[in-house]
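Residue-level structural notes
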Amino acid sequence: MKMRVSLILAIVLSTLDVFSAKPVLSFKNGTFKIIQFTDLHWIKGGEYAAYNDSTVQLMRKLIQEEQPDLVIITGDVVVSKGAEEGWKEVIRPMTDLKVPFAIVFGNHDTESDMPKNEVLQLLQKDPYNLSRNSDKSLSGEGNCFWEVKSVDTRKTECVLYLFDSHAYSSMPQVEGYDWIKNDQIQWYRRTSKRFSSEEGKRIPALAFFHIPFPEYELVRNQENVLENHSETVCSPSLNSGLFASFVEMGDVMGVFVGHDHNNDFAGELDGICLAYGRKTGYASAYHEILKRGARVIVLHENERAFDSYIRTSGGKEFDYSFPSK
């Protein structure tokens, strides 16, 4: 009887290990595909039900057609009361289709009836969620990194950095949007140095957050900027130096944000791609001109390179390659 009980206990424990383990991100056949959804703007209320349904259906459709290895949602996800219901609804496409996902918070995510730390706790109950705090001492919630491994050697081939870009300035002398803080930047620099030291080389990386930094406006005004760029970049008025750190560390090859609903451009500055996602949510916050969709990013194993494009229900738009040809 003792032996039988021990066997049953061992089976139960091994099953728990399987279900509690987070998905391992790795290249498949030389590529790793990410879908970036952004600005879902889920709002509770009967008048918004059709918008919410359309948003979730579009997410499901694009995941089924693109078959990504990872989904990243770059903020302004659930922006009203009823947040717990909203978060459960918007993550269902990934959970149902068994696709790993992670989120970063946007400025409007602070305006719901659920604090960000409670949202993170809710998400962490889902087996496909990768959202977490890599360092709980950092400003904000959901600052983390994830490694994308080589399928054969299990070496780290790419690092994905996710930052909380916060909401609005708390300093009376600085108006407008908040910025990614110095402690977050120093955390990124330490992590980047560690990977370079362990691997003996700079590991290519991507960064994801919601509010663009001021350098995006420089890219928007370039003559050869690709895709839609009609909206002035709504960045913090204070530049905290994150872009300069990306340049100095030499690992980040692409930065992906949301926030500005009529921008989905991609361009390069100082050897780094600065790109927007395509707004995914059907509820409008102001006059919006773009068809709803997502950005797709395809990484290439053993290369400091990626391809990207905008994806809507109608197909692909705006093929882009980094480094640009």
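The notes below deal with the structure included here. Computed from a predicted model, the values in this text were never measured in an experiment.

Right, let's talk about the overall build of the chain for a bit. Along its length, the chain carries eight helices and twelve strands. Taken over C-alpha atoms, the radius of gyration comes to 20 Å for the chain, in line with the 20 Å a tight globule of 325 residues would show. Once the C-alpha set of the chain is aligned to its principal axes, its extents read approximately 75 × 55 × 45 Å. A separation threshold of at least 6 residues defines the contact pool for the chain, and within that pool the share at least 24 residues apart is 72%. About 14,400 Å² of surface is accessible on the chain, with carbon and sulfur atoms providing 52% of the total.

Let's shift gears to the side chain of His41. In this structure, His41 sits in the loop between strand E1 (31–37) and helix H2 (49–66). Dropping the residues within four chain positions of it, His41 is found in contact with Asn52, Asp76, Val77, Val79, His108, His261, Lys279, Ala283 and Ala285.

Glancing now at the side chain of Asn143. Locating Asn143 in the fold gives a position in the loop between helix H5 (116–123) and strand E4 (144–149). Using a relative accessible area of 0% as the deciding quantity, one classes Asn143 as buried. A distance of 2.7 Å separates polar atoms of two side chains, one belonging to Asn143 and the other to Gln184. When neighbours within four sequence positions are excluded, Asn143 is seen to be in contact with Arg132, Asn133, Ser134, Asp135, Leu138, Leu162, Phe163, Asp164, Gln184 and Trp187.

Rules behind the numbers
Residues numbered from 1 in each chain as written. Predicted model: local features only at pLDDT ≥ 70, side-chain atom pairs only at ≥ 80, totals over all residues. Heavy atoms only, no water. Helix = DSSP H or I, 4+ residues; strand = E, 2+ residues; numbered from the N terminus. Rg over C-alpha atoms; globule rule 2.2 N^0.38 Å. Contact = heavy atoms within 4.5 Å. Areas by Shrake-Rupley, 256 points an atom, 1.4 Å probe, with all protein chains shown as cover. Buried < 20%, exposed > 50% of the residue type's maximum accessible area, 1.4 Å probe, protein only. Polar contact = N/O pair within 3.5 Å; in protein donor to acceptor, adjacent residues only side chain to side chain.

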